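Residue-level structure breakdown
Residue strings, one per chain:
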Amino acid sequence: MKGQKIVVVEDEEDIRELIEYHLLREGFQVFSASDGERGLAIINREMPALVLLDLMLPGIDGLEICREIRAAEKTKHIPVLMVTAKTEEADVVLGLGLGADDYIQKPFRPRELVARVKSALRRKGFSEEEPATVLVRGPLEIDSVRHQVTLLDAETGMRAELELTATEFGLLSVLARRPGRVFDREELLELSRGESGMALDRVVDAHIRSIRKKLGGSRNLIETVRSIGYRFTERA
Ligand code: CA
């Protein structure tokens, strides 16, 4: 994630500097603009990994920038995080409708902003690497369109559908998409629910326990990596 380009479009100088400072400290390359026109020009020139967009801007406003980012073939995949004032809630809804990926409200804690940025970048990286299809992993078949998981019984040769909750399905899919890759619990929660926020380790543990129970004899497909999280293995 380090070294990735982020464009910040924000007209309030102190907020812009605060955002720049914290992103630079995390090792990102930061390009910023104080108005919409320059913002769009920089986005088109730098092709950043992510855009942080203030809604109320002089000239072209944040919603229009978002619309233009989504309309152009070469920029439409770039995640957009809106930075908004509380009074702009209606605009947030509009912005999400225009394809913004997430939003953060002013005043925000810098740590939260950085976490949201990283979360959006991770989601993007993840979806690019793994298009939605039917995944076959050992005895498991995971259909991410129909949200169905079937498990092959080695003894009978029969396939049975697992009854997983939405969260369990999300967790299992995330793990199985990248066998061998270790995920910490926070990543698991973010990736499986598409949300950021405080991770609750024991919540993940409880879901994993439940998935394992349903996997029965194939429970070892999900390995515990001590003090970190979990990984899907094809060796089971
Ligand atoms: Ca503003």
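The rules behind each value
- Counting restarts for each chain: residues are numbered from 1 in the order of the written sequence.
- For a predicted model such as this one, the threshold for reporting local features is a pLDDT of at least 70, and the threshold for listing and counting side-chain atom pairs is 80 or more; totals across whole chains, interfaces and linings nevertheless cover every residue.
- Side-chain measures here rest on the full set of heavy atoms in the structure, leaving out hydrogens and waters.
- For the purposes of this entry, the term helix denotes a DSSP run of H or I that reaches at least four residues, the term strand denotes a run of E that reaches at least two, and both are numbered from the N terminus.
- Relative accessibility decides the category of a residue: with a 1.4 Å probe and only protein chains considered, values under 20% of the type maximum give buried, values over 50% give exposed, and everything between is partly exposed.
- Any pair of residues with heavy atoms lying within 4.5 Å of one another is described as a contacting pair.
- In this description, accessible areas are obtained by the Shrake-Rupley approach with a 1.4 Å probe, and a residue is regarded as covered only by the protein chains that are shown.
- For Na, K and Ca the donor cut-off is 3.2 Å, while for other metals it is 2.8 Å, and in both cases only N, O and S atoms qualify; water is not among them, so sites may look incomplete.
- The salt bridge criterion pairs a side-chain nitrogen of Lys or Arg with a carboxyl oxygen of Asp or Glu, the two atoms within 4 Å.
- Every axis corresponds to a line fitted to the C-alpha atoms, with the helix fit spanning only the stretch in contact, and the corresponding angles, defined between N-to-C directions, vary from 0 to 180 degrees.
- Any angle that falls under 35 degrees is termed roughly parallel, while one over 145 is termed roughly antiparallel, one within 65 to 115 roughly perpendicular, and all others oblique.
- Note on convention: the crossing is left-handed when the near helix lies turned anticlockwise from the far helix by less than a right angle, right-handed when the turn is clockwise.
- Charged residues are taken to be Asp, Glu, Lys and Arg, nonpolar residues to be Ala, Val, Leu, Ile, Met, Phe, Trp, Tyr, Cys and Pro, and polar residues to be all remaining types, Gly included.
- Here the expected span of a helix is defined as 1.5 Å times the quantity of residues minus one.
- In short, DSSP must find at least two bridges between two strands for them to pair.
- Residues enter a nonpolar core if they are buried and are Ala, Val, Leu, Ile, Met, Phe, Trp, Tyr or Cys, with the set joined through side-chain atoms within 4.5 Å.

Describing the overall build of the protein
Secondary structure summary: the protein contains 8 helices and 12 strands in total. Looking at the protein residue by residue over its 236 residues, the buried ones come to 45%. By sequence separation, contacts in the protein at least 24 residues apart represent 56% of the contacts at least 6 residues apart. As displayed, the protein has an accessible area near 12400 Å², and 49% of this comes from carbon and sulfur atoms.

Considering the coordination of the calcium ion
Around the calcium ion, the protein supplies Asp11 (OD), Asp54 (OD) and Met56 (O) as donor atoms, at distances of 2.1 to 2.3 Å. Read N to C, the donor residues that coordinate the calcium ion are spaced as D-x42-D-x1-M. Here Asp11 is found in the loop between strand 1 (5-9) and helix 1 (13-25), whereas its partner Asp54 is found in strand 3 (residues 50-54), with 43 residues between them in sequence. Residue Asp54 is classed as buried on the basis of its relative accessible area, which comes to 1%.

A look at the pattern of salt bridges
Here the structure, examined in full by the defined rule, presents 17 salt bridges. One salt bridge in this structure joins Glu187 and Arg181, with 3.0 Å as the shortest N-O distance. Of the residues examined, Glu187 reaches a relative accessible area of 10% and is grouped as buried. Owing to a relative accessible area of 27%, Arg181 belongs among the partly exposed residues under this scheme.

Observations regarding the packing of helix 2 (residues 36-46) against helix 3 (residues 62-71)
Between helix 2 and helix 3, whose axes approach to 10 Å, the crossing angle comes to 25 degrees. One finds that helix 2 runs roughly parallel with respect to helix 3. Both helix 2 and helix 3 take part in a crossing whose hand is right-handed. Of the residues in helix 3, those touching helix 2 at Gly36, Leu40 and Ile43 are Ile65, Glu68 and Ile69. The class makeup of the residues in the contact of helix 2 with helix 3 is 4 nonpolar, 1 polar and 1 charged.

Details of helix 6 (residues 166-177)
Over its 12 residues, helix 6 runs 16 Å from end to end, which matches the ideal 16 Å to within 8%, given 1.5 Å per residue. Among the 12 residues that make up helix 6, 9 are buried, leaving the element largely enclosed by the rest of the structure. Taken together, the buried positions of helix 6 are Glu168, Phe169, Gly170, Leu171, Leu172, Ser173, Val174, Leu175 and Ala176.

Some details on the sheet that holds strand 10 (residues 183-184)
Taken in spatial order, the 3 strands make up an open sheet running 10-12-11, and their pairing is antiparallel. The open sheet has two free edges, formed respectively by strand 10 and strand 11 (222-225), since each of these has just one partner strand. Here strand 11 pairs with strand 12 (residues 229-232) via 4 bridges, running antiparallel. Of the residues in strand 12, the one forming a bridge with Val225 is Gly229. Across the sheet, helix 6 is in contact with strand 10, strand 11 and strand 12; its angle to strand 12 comes to roughly 60 degrees.

Topic: unusual backbone geometry
Each neighbour pair has its own omega, and for Lys106 with Pro107 the value is -5 degrees, a cis peptide bond. Looking at where Pro107 falls in the secondary structure, it is placed in the loop between strand 5 (102-105) and helix 5 (110-129). Of note in the backbone geometry, Met47 takes a positive phi value of approximately 45 degrees without being a glycine. Following the sequence through the fold, Met47 ends up in the loop between helix 2 and strand 3.

Focus on the nonpolar core
Residues Leu140, Leu172 and Ile222 are the most contacted members of the largest nonpolar core, which totals 25 residues. Elements supplying a minimum of two residues to this core: strand 7 (140-143), strand 8 (148-152), helix 6, helix 7 (185-193), helix 8 (201-215) and strand 12. In terms of residue count, the dominant contributor to this core is helix 6 (6 residues). Membership of the second largest hydrophobic core comes to 21 residues, among which are Ala33, Ile65, Ile78 and Ala100.

Description of the sheet that holds strand 3
Spatial ordering of the open sheet is given by 2-1-3-4-5, a layout of 5 strands whose pairing is parallel. A strand with exactly one partner marks an edge of an open sheet, and here the two such strands are strand 2 (29-33) and strand 5. Neighbour-to-neighbour, the strand axes of the sheet open up by a mean angle of 20 degrees, direction not taken into account. Helix 1 contacts strand 1, strand 2 and strand 3 of the sheet and is inclined by roughly 170 degrees relative to strand 2.

Take it as geometry only, folks, not as evidence of what the structure does.
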